[in-house]
Amino acid sequence: MTTPADQPVETPDPRLAFVYQEALRGLLQQQNAVESLRNRAGTLIFAASFASSLLGSRALADGLGAWDWLALALLLGIGALTVIMLWPYYEMTFRFKPDDLLARYVDADATMAQMYRDLALQIETDFRHNGQTVRRMRVAFEFALVMLLANILAWLFSIANVLG
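Residues numbered from 1 in each chain as written. Predicted model: local features only at pLDDT ≥ 70, side-chain atom pairs only at ≥ 80, totals over all residues. Heavy atoms only, no water.

J.: Got a sec to walk through the environment of M92? Specific residues and values, please.
T.: Tracing the sequence through the fold places M92 in the loop between α2 (66-86) and α3 (98-106). Counting along the chain gives 40 residues from M92 to Q132, while the straight-line C-alpha distance between them is 9.5 Å. (Helix = DSSP H or I, 4+ residues; strand = E, 2+ residues; numbered from the N terminus.)

Now the structure itself:
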């Protein structure tokens, strides 16, 4: 009868551990990017509402003109893009499911080398899948920034009565 002390100790390949750590680092950076975009979205909507309340009250004092309509449409667009950034995208994955890990590696008596390899590949799959949503959020943020600048300019043109 063999005891656990008689079993050979597996020494995992340090290359596999390195690949796993790098894959995990990439996924964590992606998660931080999502959190950062969501924080910036909150700041963006605050800036747009603050600028619109400050400049819009002055611009609308003399009636509703073309620049005012444009500024209001841009504010609405910024709000819509902010919703895209803040939407709870449940299909993004930043962690492993414990029941899946138990079934695949503990119950199946997998080696550390198998775990590192499989999980590194799973992380890459999750990273690519999440990437589509992260790109969509980033593009929405970029458009919203441009719209914020255009919004402020539209309010200023309205106040200055440019082409009024």
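J.: Quick rundown of the nonpolar core? Include the residues and the values.
T.: Grouped together as the largest cluster of nonpolar side chains are 18 residues, with contacts concentrated most on L44, I78 and M85. At the level of elements, α1 (14-59), α2 and α4 (112-159) are the ones that each hand at least two residues to this core. Counting residues per element, this core draws most heavily on α4, which supplies seven residues. Among the nonpolar cores identified, the runner-up in size contains eight residues, and A23, L27, L119 and I123 belong to it. (Core = buried A, V, L, I, M, F, W, Y, C linked by side-chain atoms within 4.5 Å. Buried < 20%, exposed > 50% of the residue type's maximum accessible area, 1.4 Å probe, protein only.)

J.: Account for a nonpolar patch on the surface, with residues named and values stated.
T.: Taken together, L149, L153, L156, F157, V162 and L163 make up a surface patch of nonpolar side chains, about 550 Å² in accessible area. Mapped onto the elements, L149 comes out in helix α4. Under the relative-accessibility criterion, L149 is labelled exposed at 53%. (Patch = residues over 30% accessible without salt bridge, like charges linked within 9 Å, V, L, I, M, F, W, Y side chains within 5 Å. Areas by Shrake-Rupley, 256 points an atom, 1.4 Å probe, with all protein chains shown as cover. Salt bridge = Lys/Arg side-chain N within 4 Å of Asp/Glu carboxyl O.)

J.: Any chance you could break down the packing of aromatic side chains for me, citing the residues and the numbers?
T.: Counted according to the given criterion, the structure contains three aromatic pairs. Both rings, one in Y20 and one in Y116, keep their centres 5.4 Å apart while their planes meet at 45 degrees; by these two values the pair is tilted. One end of the pair, Y20, is in helix α1; the other, Y116, is in helix α4, with 96 residues separating them in the sequence. Exposure class is identical for Y20 and Y116. Each is buried. (Phe/Tyr/Trp six-rings, centres within 6.5 Å; stacked < 30°, edge-to-face > 60°.)

J.: Would you mind going over the pattern of salt bridges in detail, with residue names and values included?
T.: The final tally for this structure, using the stated rule, is five salt bridges. Notably, a salt bridge pairs R104 with D100, separated by 3.1 Å at the nearest N-O pair. Of this pair, R104 and D100 both sit in helix α3, four residues apart, roughly one helical turn. Look at R104 and you get partly exposed, because its relative accessible area is 30%. On the accessibility criterion, D100 (32% relative accessible area) is partly exposed. Notably, a salt bridge pairs R138 with E142, separated by 3.9 Å at the nearest N-O pair. With R138 and E142 both in helix α4 and four residues apart, the pair spans about one turn of that helix. A relative accessible area of 39% means that R138 is categorised as partly exposed.

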